[in-house]
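Chain residues, written in single-letter form:
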Amino acid sequence: MRPALLLVLPLVLAACATPRESCLSSVSREGRVIDALIAETRGNVARGYGIEEREELRTRRQLCDFRRADGTIGRRFCDRVVTDEVRVPVTLDIEAEKVKLDQLLARREALARAEAAARAQCVARYPQ
């Protein structure tokens, strides 16, 4: 799943949530972002390279409808420009990725303690 989608999905779900669920969701938002970064960085270290998503414009030949002079609809081949997302390997400094991973893990550990306290406040504020 794409990181941008990971950030938007909780917002969509929060619209249907109870106040307690909304509070708990907002508390863990940063943790979810860091978890996604940790997973990506671990993958980079394990593979030995990174993966970058890029958008490429491509021309595709397909059948298109057109209106004839007499008003009837005909079909013919035409070229359409489409945008494709492609995943491209990129070189990385693996040692720097390991340092980044260590920093993210340390940040996640500190954040976990703060999230636990904030979750307790949500539960106290919005008992069910």
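Residues numbered from 1 in each chain as written. Predicted model: local features only at pLDDT ≥ 70, side-chain atom pairs only at ≥ 80, totals over all residues. Heavy atoms only, no water.

Colleague: Explain the overall build of the chain to me, please; I cannot follow it from the model alone.
Modeller: Check the secondary structure of the chain and you find four helices and two strands. Reading the chain from its N end, one meets helices and strands in the order α-α-α-β-β-α. Here the chain, with 128 residues, has 20% of them falling under the buried criterion. Surface summary for the chain: the accessible area is close to 9,400 Å², and the carbon and sulfur share equals 56%. (Helix = DSSP H or I, 4+ residues; strand = E, 2+ residues; numbered from the N terminus. Buried < 20%, exposed > 50% of the residue type's maximum accessible area, 1.4 Å probe, protein only. Areas by Shrake-Rupley, 256 points an atom, 1.4 Å probe, with all protein chains shown as cover.)

Colleague: Can you walk me through the pattern of salt bridges in this structure?
Modeller: Side chains that differ in sign of charge can pair as their charged atoms come close. Per the stated rule, a full pass over the model turns up 13 salt bridges. Notably, a salt bridge pairs E52 with R54, separated by 2.6 Å at the nearest N-O pair. Judged by its relative accessible area of 34%, E52 is partly exposed. Residues R108 and E115 are paired through a salt bridge, measuring 3.2 Å at the closest nitrogen-oxygen approach. In this structure, R108 and E115 share a single accessibility class: buried. Bridged by salt links that share partners, the residues D35, R108, E115 and R119 form one connected network. (Salt bridge = Lys/Arg side-chain N within 4 Å of Asp/Glu carboxyl O.)

Colleague: So what exactly am I meant to see when it comes to the state of the cysteines here?
Modeller: Note on terminology: disulfide describes a covalent bond linking the sulfur atoms of two cysteines. Under the counting rule described, the total for this entry stands at two disulfides. What pairs with C64 in a disulfide is C78, and their sulfur atoms sit 1.6 Å apart. With a gap of 14 residues between them, C64 in strand β1 (residues 50–67) and C78 in strand β2 (residues 73–90) connect regions that are remote in the sequence. (Disulfide = S-S within 2.5 Å.)

Colleague: Hey, could you run me through the packing of aromatic side chains in this one?
Modeller: Any aromatic ring pair is given by two values, namely how distant the centres are and how the planes are angled relative to each other. Per the counting criterion, the structure on display carries zero aromatic pairs. We note R47 situated over the ring of Y49; from NZ or CZ to the ring centre the distance is 5.5 Å. (Phe/Tyr/Trp six-rings, centres within 6.5 Å; stacked < 30°, edge-to-face > 60°. Lys NZ or Arg CZ within 6 Å of the ring centre and 35° of its normal.)

Colleague: Just checking my understanding: could you explain the nonpolar core for this structure?
Modeller: As a rule of thumb, soluble globular proteins bury nonpolar side chains together. Core analysis: the largest hydrophobic core is formed by five residues, namely I34, I38, L101, L104 and L111. Looking at this core, the elements with two or more residues in it are α3 (29–47) and α4 (94–125). Sort the elements by how many residues they give to this core and α4 lands first, with three residues. What I38 contacts, discounting residues up to four positions off in sequence, is L101, L104, L105 and R108. (Core = buried A, V, L, I, M, F, W, Y, C linked by side-chain atoms within 4.5 Å. Contact = heavy atoms within 4.5 Å.)

Colleague: Can you help me understand α4 in this one?
Modeller: Side chains that are three or four residues apart share a direction in an α-helix, a result of its 3.6 residues per turn. Here α4 is 32 residues long and its end C-alpha atoms lie 45 Å apart, about the 46 Å a rise of 1.5 Å per residue gives. Among the residues making up α4, those that are buried are E97, L101, L104, R108, L111, E115 and C122. You can read the cap of α4 off the contacts: a side-chain oxygen lies 3.2 Å from the backbone nitrogen of E95, and it is on D93. (Expected span 1.5 Å × (residues − 1). Polar contact = N/O pair within 3.5 Å; in protein donor to acceptor, adjacent residues only side chain to side chain.)

Colleague: Teacher, can you tell me more about the environment of S25 here?
Modeller: Its location among the elements puts S25 in helix α2 (residues 19–27). Relative accessible area serves as the criterion here: at 17%, S25 is assigned to the buried category. Once the C-alpha coordinates of S25 and C122 are considered, the two residues, 97 residues apart in sequence, prove to be 9.9 Å apart.

Colleague: What is the right way to read the pairing of β2 from this model?
Modeller: Regular strands have side chains that alternate between both faces of the sheet. Here β1 runs beside β2; their pairing, made up of 18 bridges, is antiparallel. Directly across from D65, in β2, lies its bridge partner R75. What sits between β1 and β2 in their antiparallel hairpin is a turn of five residues, with G71 showing a positive phi close to 95°. (Pairing = 2+ DSSP bridges.)

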